[in-house]
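Listed here are the chains, written in short residue letters.
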Amino acid sequence: MAETAFTPSALSDKATRVLDFLRQRNARLVTAESCTGGLIAATLTAIAGSSNAIEGGLVTYSNAMKMSVLDVATRTLEDHGAVSEAVATEMAMGALDCAENASISVAVTGIAGPDGGTPDKPVGTVCLCIMEGAKNPILETAHFSGDREAIRLATVSRAFDLILTRL
């Protein structure tokens, strides 16, 4: 994906659309975030009135937290690595299990940089999962460019896009 400049107002506009979408469906969202460090939840909850659509957010940056809080399997981490669609799926399921009032979850795990990339998973690789209930996860592996901030903002924007266009 090409590098894109994200303005705070553009993300806020998207977040407002996500909140409206959730309210129309009478749905509540929970986030499970690694590389974004809570930025998805923070962007949504910066908007007044978000409490009627947001259940909460979980920042599970380390593998230990992914396992203990979200019940990501050790075997999944060993077989696929933390930055994988398999881990994103287990994170999304675990978030729904943690937040019994939530009906939709979004999970992101990736490499925001500037370090940590490998030839197979370079900096900017992010795996996203959107899950409604326990059915048919929406999965995507994205490749963003730019610095750490740009990758994190692009991840938030893409998560919002997936909620708005794929659910």
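The following refers to the structure shown. The shown structure was predicted, so the numbers you read here are calculated from the model rather than taken from an experiment.

Rules used in this analysis
Residues numbered from 1 in each chain as written. Predicted model: local features only at pLDDT ≥ 70, side-chain atom pairs only at ≥ 80, totals over all residues. Heavy atoms only, no water. Axes fitted to C-alpha atoms, helices over the stretch in contact; angles between N-to-C directions. Helix = DSSP H or I, 4+ residues; strand = E, 2+ residues; numbered from the N terminus. Parallel < 35°, antiparallel > 145°, perpendicular 65-115°, else oblique. Left-handed = near helix turned anticlockwise from the far one by under 90°. Contact = heavy atoms within 4.5 Å. Pairing = 2+ DSSP bridges. Right-handed = clockwise from strand over helix to strand, strands pointing away.

Here we take up the packing of helix 3 (residues 63-70) against helix 5 (residues 85-98). Helix 5 packs onto helix 3 with a crossing angle of 40° between their chain directions and a minimal axis gap of 9 Å. It follows that helix 3 is oblique to helix 5 by the angle criterion. Of the two possible hands of crossing, helix 3 and helix 5 adopt the one that is left-handed. From helix 3, K66, V69 and L70 reach across to helix 5, where they touch V87, E90, M91, G94, A95 and C98.

Glancing now at the pairing of strand 2 (residues 54-59). Pairing of strand 1 (residues 29-33) with strand 2, which is carried by 5 bridges, proceeds in the parallel orientation. Among the inter-strand pairings, T31 is bridged to a residue of strand 2, identified as G57. The β-α-β motif built from strand 1, the intervening helix 2 (residues 39-45) and the parallel element strand 2 has right-handed crossover chirality.

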